[in-house]
Amino acid sequence: MPTIQLLVVQPTPFCNIDCKYCYLPNRTSKAVIARKTLYNLFSQVFSSGWFGDGLSVVWHAGEPLVLPIAFYRDAFGLVESLRPPRLQVVHSFQTNGTLIDDDWCAFFAEAQINLGVSIDGPRHFHDRNRLTRSGRGTFDRTIAGIRLLRRHSIPFHVISVLSAASIASPREMFDFYVAEGIERVCFNIEESEGDHISETLRASGIEAAYYRFLGEFWKLSAAAPGKIKFLREIETALQQVIRPKEVQFYNQLVQPFAVTSIDWAGNISTFSPELLGLKNPAYNNFILGNVNRATFADLLDSPLLVRLSADIDAGVAMCRDQCEYFSVCGGGEPVNKLAENGTFASTETAYCRLTKMRTTDLILKALDQISPDGFDRGSITSEGERFDEAAVSCETSPSMRRTG
Ligand code: SF4
């Protein structure tokens, strides 16, 4: 039986802005998910038994804040009325921040929303890509939203998409977060997804630049304790590299239904959430079925799921055989393999070289510097063997757990 860990719900495809790197195809549509569809979704999820102790629900649009607070009050009430007593449900929003006002802040606090705001750094980096439909920058409105969150003491993290320009400027990025009181930071790289080809990933020297950026940003954070309290890329990589040997890496993106996505019309998909919305006739646009017409049990028997699983598993097996970083990656992200290599049954991507390989290299280098005698370097002949050494030699520290 599958276990749903993350449920990605698209309440509307609409977004009030128009970022240059956005891959969402229907972001001008103002369609809204029906209450009946939400009812069918949550009653099926909860009656399926496909969950553990907790379920994270990400309301990911478009822009989730284009819908009124009353929509979410009603939706959360519905979820609460259907929720099994032992199951903990946490709601998350990822917002562009431009619509945050005092009422939203009160609601975030009331509903204890796990909140992420997208901002790409200082104005001249942010406004290169994050634009209104008329082409104006959105920095002023986003930073106003962040300042309001701070005024209301609402916890939040930011996600910043790195460009070739911001990757070259770790000090400037760090100073910006500190000046704005932003303490929890996640970096994304502009990805190739669907028809969108990332210029950042194709830039020459990008791997070395990313490695330098992350290393320098980490060093700056360590030198100013308490300023950046959470740096996702480092915390996550540390957790993956330093763990008891018997703990296997779990890649939820290659497990059917571990991440389950639903669009406003009730269409269900799984594996990488970005697959839902991509046009691909060979895989029925990655739609397994519709929650208004099929049960979750029906979806398990879907021929499309069997084919998707076989192709994704083939890629994971190739990664296991060929990649020395497999023990800290688990076979990568299906959506990037498809976009960059044209098939799920493949291994390396520019995306994984940055986010897995170079990040892991950085952690291993730091571990070597911190404790030169902590690892048996004499027996190390490859990066892959070094991971196992790290896994044997260190206990997982609670302080290294991902916190948001
Ligand atoms: S780092 Fe890339 S090639 Fe290696 S296991 Fe991950 S996805 Fe596969």
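Residues numbered from 1 in each chain as written. Predicted model: local features only at pLDDT ≥ 70, side-chain atom pairs only at ≥ 80, totals over all residues. Heavy atoms only, no water.

1. Comments concerning the site of the ligand
Within the structure, the ligand sits among Cys319, Cys323, Phe326, Cys329, Gly331, Gly332, Thr347, Glu348, Cys352, Lys356 and Met357. Here the residues of the shell around the ligand sort into six nonpolar, three polar and two charged. (Near = heavy atom within 4 Å. Nonpolar A, V, L, I, M, F, W, Y, C, P; charged D, E, K, R; others polar.)

2. Considerations on the pattern of salt bridges
All told, the structure shown has 15 salt bridges when counted by the stated rule. Of the charged contacts, one joins arginine 27 and aspartate 18 as a salt bridge, the two residues approaching to 2.9 Å between their closest N and O atoms. Look at arginine 27 and you get buried, because its relative accessible area is 16%. When its relative accessible area of 27% is taken as the criterion, aspartate 18 is described as partly exposed. Aspartate 74 is paired through a salt bridge with arginine 35; the nearest N and O atoms lie 2.8 Å apart. On the criterion of sequence distance, the pair formed by aspartate 74 in helix α2 (residues 69-82) and arginine 35 in helix α1 (residues 35-48) is long-range, its members being 39 residues apart. The exposure class of aspartate 74 is partly exposed, given its relative accessible area of 36%. Take arginine 35: its relative accessible area is 45%, and that puts it in the partly exposed class. One connected set of salt bridges, linked through shared partners, spans Glu207, Glu348, Arg353, Arg358 and Asp361. (Salt bridge = Lys/Arg side-chain N within 4 Å of Asp/Glu carboxyl O. Buried < 20%, exposed > 50% of the residue type's maximum accessible area, 1.4 Å probe, protein only. Helix = DSSP H or I, 4+ residues; strand = E, 2+ residues; numbered from the N terminus.)

3. A few points about the packing of aromatic side chains
Taken as a whole, this structure holds 30 aromatic pairs when the rule is applied. Ring centres of tryptophan 50 and phenylalanine 257 lie 5.0 Å apart, and the angle between their planes is 55°; on these two criteria the pair is classed as tilted. Here the residue tryptophan 50 occupies a position in the loop between α1 and β2 (54-59), and phenylalanine 257 occupies one in the loop between α10 (232-241) and β8 (259-262), the gap between them amounting to 207 residues. Exposure class is identical for tryptophan 50 and phenylalanine 257. Each is buried. For lysine 30, the ring lying beneath its charged end belongs to phenylalanine 14, and the centroid distance is 5.0 Å. (Phe/Tyr/Trp six-rings, centres within 6.5 Å; stacked < 30°, edge-to-face > 60°. Lys NZ or Arg CZ within 6 Å of the ring centre and 35° of its normal.)

4. A closer look at the packing of α10 against helix α14 (residues 350-370)
Look at α10 against α14: their axes get within 10 Å of each other, and the N-to-C directions meet at 75°. Taken as axis vectors, α10 and α14 run roughly perpendicular relative to one another. Facing Glu233, Ile234, Ala237, Leu238, Gln240 and Val241 of α10, the residues of α14 in contact are Lys356, Thr359, Thr360, Leu362, Ile363, Leu364 and Leu367. Looking at side-chain class alone, the contact of α10 with α14 contains eight nonpolar, three polar and two charged residues. (Axes fitted to C-alpha atoms, helices over the stretch in contact; angles between N-to-C directions. Parallel < 35°, antiparallel > 145°, perpendicular 65-115°, else oblique. Contact = heavy atoms within 4.5 Å.)

5. A word on the state of the cysteines
Summed over all chains, the structure comprises zero disulfides. Cysteine 15 supplies the cysteine sulfur nearest to cysteine 19, a cysteine that is in no disulfide, at a spacing of 6.3 Å. (Disulfide = S-S within 2.5 Å.)

6. Regarding the environment of valine 316
With respect to the element layout, valine 316 can be found in helix α12 (residues 303-322). Taking the C-alpha atoms as reference points, valine 316 and proline 334, 18 residues apart in sequence, are found 9.2 Å from one another. Residues contacting valine 316, with those up to four places away along its chain left out, are Val254, Phe326, Gly330, Gly331 and Lys337.

7. Examining the pairing of β2
Judged from the four bridges that link them, strand β1 (residues 6-9) and β2 form a sheet pairing that is parallel. Residue valine 9 lies in a different strand from β2, and its bridge partner there is tryptophan 59. For the segment spanning β2, α2 and strand β3 (residues 88-95), crossover handedness is right-handed. (Pairing = 2+ DSSP bridges. Right-handed = clockwise from strand over helix to strand, strands pointing away.)

8. Focus: the pairing of β3
Summarising burial for β3: six of the eight residues are buried, a large majority. Direction of pairing for β2 relative to β3: parallel, over a ladder of six bridges. Along β3, the bridge assignment pairs valine 57 with histidine 91. Note: β3 against strand β4 (residues 114-118), four bridges, orientation parallel. Paired with serine 92 across the bridge in β4 is asparagine 114. On the question of chirality, the crossover connecting β3 to the parallel β4 by way of helix α3 (residues 102-111) is right-handed.

9. Side note on unusual backbone geometry
Glycine aside, residues mostly have negative phi angles, and peptide bonds mostly take the trans form. Of note, phenylalanine 271 is a non-glycine position whose phi angle comes to about 65°, a positive value. Mapping phenylalanine 271 onto the fold places it in the loop between β9 (267-270) and β10 (289-290). One non-glycine residue, asparagine 285, lies in positive phi territory at about 55°. Checked against the element boundaries, asparagine 285 lands in the loop between β9 and β10. Residue classification places asparagine 285 among the partly exposed positions, given a relative accessible area of 21%.

10. Considerations on the environment of glutamate 63
Within the fold, glutamate 63 resides in the loop between β2 and α2. Since its relative accessible area comes to 1%, glutamate 63 is described here as buried. Note: C-alpha distance between glutamate 63 and arginine 27 (36 residues apart in sequence) is 8.7 Å. Apart from the residues lying within four places of it in its own chain, the contact partners of glutamate 63 are Thr12, Phe14, Cys15, Asn16, Gln94, Thr95, Asn96 and Leu99. A polar atom in the side chain of glutamate 63 sits 2.7 Å from the backbone nitrogen of asparagine 96. (Polar contact = N/O pair within 3.5 Å; in protein donor to acceptor, adjacent residues only side chain to side chain.)

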